[in-house]
Amino acid sequence: MKKLIMLEGNHDYQFIKYLVKNKYSEKDISTYNFSNANKNKAETNFLRNFIQDTRYNTKKMAIKIEDGKYNLLKLMTKSLPLIVQAMEQLQLIYITDLDNKEPFDMINKMNDDFKARGNTYKFKIGKQLINCDHIYASKIQGVNNNKNVYADNIIFIFFKVSLEDELPSFENNIPDNDELSLFINNKEHLPIKKILNDSDN
C-alpha cells in the first residue's frame with residue numbers, strides 16, 4: 001500500500017527521512033515542498049500523479065511538505081476529495097505539532113474547515129497507537145454525513161513537544177544522527193517507526 005505523508009515543515013521531513021531510510025530508498029519516495037503562492041495546480045498534479053496506479057509510477061511513498069500548520073491544514077481540507085478516490089490503495093499519514101492543543105481540538109478544526117468548504121467528509125478519532133509525553137498518534141476514520149465510513153487507513157501523528165525543542169541540533173538545521181537515534185529508539189517512541197515502515201497498520 002502506498003503512503004502519502006503530509007507534514008508541517010522541513011524538520012519534520014528530516015525526521016521522517018531518518019525513520020524510513022532502511023526500508024525506502026530515494027527512488028521509492030516522491031517529495032515536494034511547495035513554498036510559492038502559485039502552487040495550487042502543481043500541488044494537485046503532484047498528488048494525482050502519485051495516486052494514479054500505472055506501470056510508470058513506481059513510487060511507494062509521497063511526502064508533501066508545507067510551510068507551517070495553517071498551510072498544512074489548508075492542504076488537507078482542499079485535497080481530501082482527491083485523496084478519498086484512492087483510499088483503497090493509499091494510506092494517509094498526517095503529522096503536525098499540537099501547540100498546546102488537544103488532538104480532539106485539531107480534528108474538530110479540520111471538520112469545521114471541511115464543512116465550510118461544502119465537503120461532506122468528517123474525521124473521527126479511532127484506535128490510539130501512541131500516547132506518551134512527547135507524541136500522540138491515532139488511527140482516524142473518515143465518515144460522511146450519513147456516518148458511513150469511507151476510509152479507515154488514516155493515521156494522525158501529533159507532536160506534543162516540537163522537534164525543535166526535543167532535538168537541539170534541529171535549531172541549527174543540521175540534524176544529528178546520534179541525537180535522532182536516541183530519540184527514536186526511546187521505547188515510548190518506537191511505535192512511530194513501525195507506523196511509517198509497516199505496509200499496513
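Above this note sits the structure.
Procedures and definitions
- Residues numbered from 1 in each chain as written.
- Predicted model: local features only at pLDDT ≥ 70, side-chain atom pairs only at ≥ 80, totals over all residues.
- Heavy atoms only, no water.
- Salt bridge = Lys/Arg side-chain N within 4 Å of Asp/Glu carboxyl O.
- Helix = DSSP H or I, 4+ residues; strand = E, 2+ residues; numbered from the N terminus.
- Expected span 1.5 Å × (residues − 1).
- Buried < 20%, exposed > 50% of the residue type's maximum accessible area, 1.4 Å probe, protein only.
- Arc of directions from axis to C-beta.
- Contact = heavy atoms within 4.5 Å.
- Core = buried A, V, L, I, M, F, W, Y, C linked by side-chain atoms within 4.5 Å.
- Pairing = 2+ DSSP bridges.
- Axes fitted to C-alpha atoms, helices over the stretch in contact; angles between N-to-C directions.
- Parallel < 35°, antiparallel > 145°, perpendicular 65-115°, else oblique.
- Nonpolar A, V, L, I, M, F, W, Y, C, P; charged D, E, K, R; others polar.
- Phe/Tyr/Trp six-rings, centres within 6.5 Å; stacked < 30°, edge-to-face > 60°.

Trainee: Lay out the pattern of salt bridges with the relevant residues and their values.
Mentor: Oppositely charged side chains can form a pair if their charged atoms are brought close together. Applying the stated criterion across every chain, the model contains four salt bridges. Among the ionic pairs, Glu26 bridges to Lys17, the shortest N-O distance being 3.8 Å. Between Asp113 and Lys109 there is a salt bridge, and its shortest N-O distance comes to 3.2 Å. In this pair, Asp113 and Lys109 both sit in helix α4 (residues 103–116), four residues apart, roughly one turn of the helix.

Trainee: Tell me about α4, residues and numbers included.
Mentor: Along its 14 residues, α4 runs 20 Å from first to last C-alpha, staying within 8% of the 20 Å computed at 1.5 Å per residue. Within α4 the residues assigned to the buried category are Pro103, Met106, Ile107, Met110, Asn111, Asp113 and Phe114. For α4, the arc enclosing every buried residue in end-on projection is 160°, short of the 170-degree limit, so these residues lie on one face. Turned more than 90 degrees from where α4 packs its buried face, Phe104, Asp112, Lys115 and Ala116 sit exposed. Of the surrounding elements, those touching the buried residues of α4 are α3 (69–84), β4 (90–97), β5 (122–131), β6 (135–143) and β7 (149–159). Backbone geometry just downstream of α4 places Gly118 in the positive-phi region, at approximately 85°.

Trainee: For the nonpolar core, give the residues involved together with the corresponding values.
Mentor: By size, the foremost hydrophobic cluster in this structure holds 35 residues, and its most contacted members are Leu4, Met6, Met76, Phe123 and Phe156. Every element with two or more residues in this core is listed here: β1 (2–7), α2 (40–51), α3, β4, α4, β5, β6 and β7. No other element matches α3, which puts eight residues into this core. Among residues more than four places away in sequence, those in contact with Met6 are Lys64, Leu72, Leu75, Met76, Ser79, Ile83, Leu92, Ile93, Tyr94 and Ile95. Residues Ile5, Val20, Tyr24 and Phe170 belong to the second largest nonpolar core, which totals 31 residues.

Trainee: Summarise the sheet that holds β7; cite the residues concerned and give the values.
Mentor: Sheet architecture is open: seven strands sit in the order β2-β3-β1-β4-β7-β6-β5, paired in mixed fashion. Every interior strand has two partners, whereas the edge strands, β2 (29–33) and β5, have only one. Neighbour-to-neighbour, the strand axes of the sheet open up by a mean angle of 20°, direction not taken into account. Examined bridge by bridge, β2 and strand β3 (residues 61–65) share five bridges and lie parallel to one another. Directly across from Ile29, in β3, lies its bridge partner Met61.

Trainee: For the packing of helix α1 (residues 10–20) against helix α7 (residues 190–197), give the residues involved together with the corresponding values.
Mentor: As a packed pair, α1 and α7 sit with axes 9 Å apart at the nearest point and diverge in direction by 80°. Between α1 and α7, the angle falls in the class roughly perpendicular. Contact with α1, carried on its side by Phe15, Ile16, Leu19 and Val20, involves Ile192, Lys193, Leu196 and Asn197 of α7 and no other residues of that element. In the contact of α1 with α7, the residues fall into six nonpolar, one polar and one charged.

Trainee: Tell me about the packing of aromatic side chains, and name the residues and values.
Mentor: Per the counting criterion, the structure on display carries eight aromatic pairs. Their ring planes at 85° and their centres at 5.4 Å tell us that Phe123 and Phe156 sit as a pair that is edge-to-face. Taken as a pair, Phe123 in strand β5 and Phe156 in strand β7 lie far apart in primary sequence, 33 residues in all. The buried category is assigned to Phe123, whose relative accessible area is 4%. On the basis of relative accessible area, Phe156 is assigned to the buried category, the value being 1%. By way of ring pairs, the aromatic residues Tyr94, Phe114, Phe123, Tyr136, Phe156 and Phe158 are connected into one cluster.

Trainee: Provide a residue-level description of the pairing of β6, including the pertinent values.
Mentor: With seven of its nine residues buried, β6 lies for the most part within the structure. The pairing of β5 with β6 spans seven bridges and is classified as antiparallel. Following the sheet pairing, Gln128 is matched in β6 by Ser138. If you look at the hairpin formed by β5 and β6, you'll find three residues sitting between the two strands. Taking the residues between adjacent antiparallel strands as the criterion, β6 and β7 are bridged by five residues, where Lys147 takes a positive phi near 65°.

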